[in-house]
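Reading the structure
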Amino acid sequence: VQLQASGGGLVQAGDSLRLSCSSSGRTFSRYSMAWFRQAPGKEREFVAAISLSGGKTRYADSVKGLFTISGDNAKNTVYLQMDSLKPEDTAIYYCAAAEVPSAVIVTNIALYPYWGQGTQVTVSS
């Protein structure tokens, strides 16, 4: 499985961005897909995840109500809509994939074997 993340950029606080993650996997709908982020000097942390077979989602407390993860199985693409961005959202955002049983959502970083290359999001104050 190859993942390609895109959509990052430099924005001001309060702006929105939409990240995309396209996959080459042939059974895209069997995956749990997630976004993680890593800020300078910090560990990579969970942001959001979605079960592509059931549509269920999970979010980190820090982004609930601000970020929305969604998937398009026909396009083999997962999105992360980020609204009301804050300077503390500045990080490299990575998408990840794990093949899982139906409707399972994986939030544990260690359980994701497939990773995209990351896309930089910078939020200025």
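A short tour of the structure in this document, coming up. The model shown is predicted, which means the values in this text are computed figures rather than measured ones. (Residues numbered from 1 in each chain as written. Predicted model: local features only at pLDDT ≥ 70, side-chain atom pairs only at ≥ 80, totals over all residues. Heavy atoms only, no water.)

Notes on the overall build of the protein chain
The condition is simple: Helix and strand definitions follow DSSP, with helices as H or I runs of at least four residues and strands as E runs of at least two, each counted in order from the N terminus. Each radius of gyration is computed over the set of C-alpha atoms, and the globule rule expresses the reference value as 2.2 Å times the number of residues to the power 0.38. To sort residues, take the accessible area from a 1.4 Å probe on protein chains only and compare it with the maximum for the residue type: under 20% means buried, over 50% means exposed, and anything in between is partly exposed. The contact criterion used is simple: two residues touch if any of their non-hydrogen atoms lie within 4.5 Å. In short, Shrake-Rupley with a 1.4 Å probe defines the accessible areas, and a residue's cover is counted only from the protein chains shown. By the counting scheme adopted, Arg and Lys are positive, Glu and Asp are negative, and His together with the chain ends is not counted. To locate a charge, take atom NZ for lysine, CZ for arginine, CG for aspartate or CD for glutamate.
A count of helical and extended segments in the protein chain gives zero helices and eleven strands. In the protein chain, the order of α-helices and β-strands from amino to carboxyl end is β-β-β-β-β-β-β-β-β-β-β. Compactness check: the protein chain gives a C-alpha radius of gyration of 13 Å against a globular reference of 14 Å for 125 residues, within 12% of the reference. By its C-alpha atoms, the protein chain is 40 × 25 × 25 Å across when sized along the principal axes. Relative to its 125 residues, the protein chain shows a buried fraction of 43%. Once local pairs closer than 6 in sequence are excluded, the contacts in the protein chain between residues at least 24 apart make up 60%. Here the protein chain displays about 6300 Å² of accessible surface, and carbon together with sulfur accounts for 45% of that area. Mean positive and mean negative side-chain charge positions of the protein chain (11 and 9 charges, respectively) differ by 7 Å.

Concerning the sheet that holds strand β7 (residues 67-72)
Cut-off, in case you're wondering: When DSSP finds two or more bridges between two strands, those strands count as paired. Under this scheme, a helix contributes an axis fitted over its contacting stretch, all axes are lines through C-alpha atoms, and angles between N-to-C directions fall in the 0 to 180 degree range.
Judged by pairing direction, the sheet is antiparallel, and its four strands sit side by side in the order β1-β3-β8-β7 without closing on themselves. Strand pairing shows two members of the sheet lacking a second neighbour, β1 (3-6) and β7, which therefore form its edges. Taking the axes of each pair of neighbouring strands and ignoring which way they run, one obtains an average angle of 15° across the sheet. The pairing of β1 with strand β3 (residues 17-23) spans four bridges and is antiparallel. Along β3, the bridge assignment pairs Ser6 with Ser20.

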